[in-house]
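# Per-entry structural report
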Amino acid sequence: MLENTSQTTLPIYPQLLTPLPGPKTKALIERDTAYISPSYTRGYPLAIASGYGAMVTDPDGNRFLDFCAGIAVCATGHSHPEVVRVIKEQADKFLHMSGTDFYYDVMADLAERLAKSAPRTEAEGGEPKKVFFANSGTESLEGAMKLARYHTKRKKLISFYRSFHGRTYGTMSLTASKSIQKSRFSPLVPDVLHAHYPYFYRDIFKSATPDDCAEACLDYIENYLFKMVTPPEEVAAFVLESIQGEGGYVVPPAKFLVGLQALAKKYGILIVADEVQSGMGRTGKMWAAEHFGSYEPDIICSAKGLASGLPLGAIIARSNVMDWPPGTHATTFGGNPLSCAAALKTMDLLEGGLMKNATVQGDYLKSRLMPLKDQFDMIGDVRGIGLMLGVEIIKDKASKEKASALRNQIVDECFEQGLVILGCGENTIRFSPPLVICQEQVDCAIDIFTRVLKKHAS
C-alpha cells in the first residue's frame, strides 16, 4: 500500500453510522437546495466533511470508499500530506500575482515539467513544447480552439459523437454527449462538425473487429465529411478525447488514433487531444495518448488531476503551433501559484509510484470486474485502461438494450453501502478512484458492487 493509505491508524474501509442521509447531511442539503443553482447534477445525498486518501467522511461521521475521486480530480487521493504541505508553503510566500503580466518560478517550473512530459519530447526526437495555463478543462479546450484557428488560419473544427469537452459556449459546441447540455442555448459556435468515434460494443457500422470499426470511422471522415460536407482544407483541427470519458469510458483502437493522425497530416489539420479526464497518470502513463503507438497530438489539454484538487488547466502544444503573439489570449488566475505548487508535487508523486500503482491496481480491478461480465446478464461490457474503467449496464446480453435506470439504481445502492461511484454515458458505471488505492480497497469495492448486482439479477 502507498503512503496515503497505509498508516495502520487510518481506516481504509467504509463505515456507516446513521441512515443515509444523516441529520447533519440533511440540514446541509436543505441549505444547499435553498441557495445553490439547480443546474448541478447531484445524484445521491453525499456530503463531504473531510477526506484522506481514498476515504471521505460526511458531517454525520459516515465513512465512504471513494471510487470517484471528485470526477477523476484527486489523483493523489484526498489531502495528500505532501500536496497539502507545498500548498501551505506557497501560501506563506504569496497567493497571486497573475502570470499574464508577471513572472514567478513555480509557473515556469511547471510549464517546463509539463512540456517535457508530453508524448515525444524534444529529447526523444520530438519537437519542443510550450504551455498556456488556464483554470479548468473547459478553459483549456476553449483556448485550444482559438489556438488551432489562429495557427492554421482555418475556421472549422471536427469533434466526435458522445464527446464531452465542457459547458462554455465553445466547448459546448464541440460536445455531443447529451442534448440537455445544449437545450435552449443556441446559437452555438459555428463551423463545428461531428464524426463517429469507434465504440466497438455499439458500432453503428456493424464491424467485425475493433480495427474494422476504426477503419469505418476514418472512412466516414474522408469519404463523407470531406467529400460531401466540408473541404478538408477548411478544417483547423480534430478535437477528441484520447479515451472518451463522459461518453462512457470508451477506448479507441490504436489504429483509429494513428490513422486519424495520418489523415490530419495529409490535409494540414491539427489534432487536439482532450486529456482532461484521462491524463495525469490515470491510465498508468502520464497521458493516455502514450498507449496508442506512434500517436502524437499537436495540442494536449489537461486539468482535473493536474493539481490534486486545486483549479488548474493547461494547454501543451508544439512550440511552432503556439505562435500567437502577446495579447491574443490570457487569463487572470490561470497558473495560480498555489495550484502550480500542487501540480509540481502531484507530478512528483505520479512519477514516484502512483502511475505504477494505477497500472497494478487497475489491472487487478479489471481482473475482478471481468468475471462479473460472465456472471451477470446485466453487464454488457467491461473496458478501460489503468484506473479508468467502465462497466456498461444493459437489460440483457441478447438485446444489448441500454439500462440507464438500472445503472442509476446500482450507483445509488452502492452509495447506500458505502461505495462512492458515478455513471458516465447513458448506461455505464465508471470506476475512477484515487491512484493511491490498495488491493484491499479494490476487493472491498468489488464486494459491495457484487452484492448490489445480485439484488438485481434475474
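Once a new chain begins, its residue numbering starts again from 1 and follows that chain's sequence as written. Given that the model is predicted, a residue must reach a pLDDT of at least 70 before its local features are reported, and side-chain atom pairs must reach 80 or more before they are shown or counted; all residues, however, enter totals for whole chains, interfaces and linings. Calculated side-chain values reflect all of the structure's heavy atoms, with hydrogen atoms and water omitted.

## Overview of the state of the cysteines
Linking two cysteines covalently via their sulfur atoms produces the bond known as a disulfide. Working definition: a disulfide is two cysteine sulfur atoms within 2.5 Å of each other. In total, this model carries zero disulfides according to the counting rule given. A disulfide-free cysteine, Cys 213 has its sulfur positioned 4.5 Å from the sulfur of Cys 217, the nearest such atom. Buried residues are those whose accessible area, probed at 1.4 Å on protein chains only, stays under 20% of the maximum for their type, while exposed residues exceed 50% and partly exposed ones sit between those limits. Taking the relative accessible area as the measure of exposure, Cys 213 reaches 1% and is therefore buried.

## A closer look at the sheet that holds strand E13 (residues 419-420)
In a beta sheet, neighbouring strands pair by backbone hydrogen bonds and run either parallel or antiparallel. Two strands qualify as a pair provided DSSP detects at least 2 bridges between them. Here a helix means four or more residues in a row that DSSP labels H or I, a strand means two or more in a row labelled E, and each is numbered from the N terminus. If you trace the four strands from one edge of the open sheet to the other, you get E1-E2-E3-E13, paired in mixed fashion. Strands at the two margins of the open sheet, each flanked by one partner only, are strand E1 (50-52) and E13. Bridge count for strand E2 (residues 55-57) against strand E3 (residues 63-66) is three bridges, and the pairing is antiparallel. If you follow Val 56 over to E3, its bridge partner there is Phe 64.

## Details of the pairing of strand E6 (residues 192-195)
Regular strands have side chains that alternate between both faces of the sheet. Side chains of E6 alternate between two faces, with Val 192 and His 194 and Leu 193 and Ala 195 buried alike. In terms of strand pairing, strand E5 (residues 156-160) meets E6 through four bridges, oriented parallel. By the bridge assignment for E6, Ile 158 is matched with Leu 193. What joins E5 to E6 is helix H7 (residues 169-174), and the crossover it makes is right-handed. The handedness of a crossover follows from its direction of travel: if, with the strands pointing away from the viewer, the path from the first strand over the helix to the second runs clockwise, the crossover is right-handed.

## Some remarks on the layout of surface pockets
Using only the protein atoms, space was sampled on a 1 Å grid; points where a 1.4 Å probe fits but cannot get out form cavities, open sets with protein on both sides within 12 Å along at least five of seven lines form pockets, and lining residues are those with an atom within 4 Å of a point. Grid points are joined across faces, edges and corners, and a volume is the space filled by probe spheres set on the points. By volume, the second largest pocket amounts to about 660 Å³. Sorting the residues of the lining of the second largest pocket by element identifies helix H5 (105-117) and strand E4 (129-134) as the ones contributing at least two each. At four residues, E4 tops the list of elements feeding residues into the lining of the second largest pocket. In this count, Pro and Cys sit with the nonpolar residues alongside Ala, Val, Leu, Ile, Met, Phe, Trp and Tyr, while Asp, Glu, Lys and Arg are called charged and the others, Gly among them, polar. Classifying every residue of the lining of the second largest pocket gives 14 nonpolar, seven polar and two charged.

## Re the sheet that holds E4
Across the sheet, which stays open at both edges, the seven strands sit in the order E4-E10-E9-E8-E7-E5-E6 with mixed pairing between neighbours. Each of the sheet's edge strands pairs with one partner strand only, and the pair in question is E4 and E6. Within the sheet, the average angular offset between the axes of one strand and its neighbour, ignoring direction, is 20°. Direction of pairing for strand E8 (residues 270-274) relative to strand E9 (residues 299-302): parallel, over a ladder of three bridges. The partner of Asp 274 across the bridge, within E9, is Cys 301. Each of E4 and strand E10 (313-318) is contacted by H5, which is oriented at about 125° to E4, the strand it contacts most. Two residues qualify as a contact provided that any one of their heavy atoms is within 4.5 Å of a heavy atom in the partner residue. The axes used here are C-alpha line fits, helices contributing only the stretch in contact, and every angle between their N-to-C directions lies in the interval 0 to 180 degrees. Those strands touched by helix H9 (residues 254-267) are E5, strand E7 (235-241) and E8, and its axis lies near 170° from that of E7.

## Some details on the packing of aromatic side chains
Two aromatic rings, drawn from Phe, Tyr or Trp (for Trp, its six-membered ring), form a pair once their centres lie within 6.5 Å of each other, and the interplanar angle then sorts them: stacked below 30 degrees, edge-to-face above 60, tilted otherwise. The tally for this structure, following the rule as stated, stands at 12 aromatic pairs. Judged by centre distance (6.1 Å) and plane angle (80°), the ring pair of Phe 160 and Tyr 197 falls under edge-to-face. Separated by 37 residues along the polypeptide, Phe 160 in strand E5 and Tyr 197 in the loop between E6 and helix H8 (210-229) bring together distant segments of the chain. On the basis of relative accessibility, which here comes to 1%, the residue Phe 160 falls in the buried class. Take Tyr 197: its relative accessible area is 3%, and that puts it in the buried class. Aromatic ring contacts, followed pair by pair, group Tyr 44, Phe 64 and Phe 415 into a single cluster. For a lysine, the NZ atom is tested; for an arginine, the CZ atom; a charge sits over a ring if that atom is within 6 Å of the ring centre and within 35 degrees of the ring normal. The ring of Tyr 201 carries the charged tip of Lys 400 above its face, separated from the ring centre by 4.1 Å.

## Regarding empty space enclosed by the protein
One pass over the structure, following the stated rule, counts one cavity of 30 Å³ or more. Empty space within the largest cavity amounts to approximately 30 Å³. Taken together, Ala 72, Ala 75, Gln 277, Gly 279, Met 280, Arg 282 and Gly 305 form the lining of the largest cavity. Broken down by class, the residue content of the lining of the largest cavity amounts to three nonpolar, three polar and one charged.

## So, H5
Here, expected helix span is obtained from the residue count minus one, scaled by 1.5 Å. Between the first and last C-alpha of H5 there are 18 Å, a value that for 13 residues agrees with the 18 Å anticipated at 1.5 Å per step. Of the residues making up H5, those classed as buried are Val 106, Met 107, Leu 110, Ala 111, Leu 114, Ala 115 and Ser 117. Looking straight down H5, one finds its buried side chains confined to an arc of 165°; they lie on one side. Away from the buried face of H5 by more than 90 degrees, exposed residues Asp 105 and Lys 116 are located. Residues of H5 that are buried sit in contact with helix H4 (81-93), E4, E10 and helix H10 (337-375). The directions from the helix axis to the C-beta atoms form the arc being described.

Note that every value here comes from positions in space, so none of it alone points to a role or purpose.
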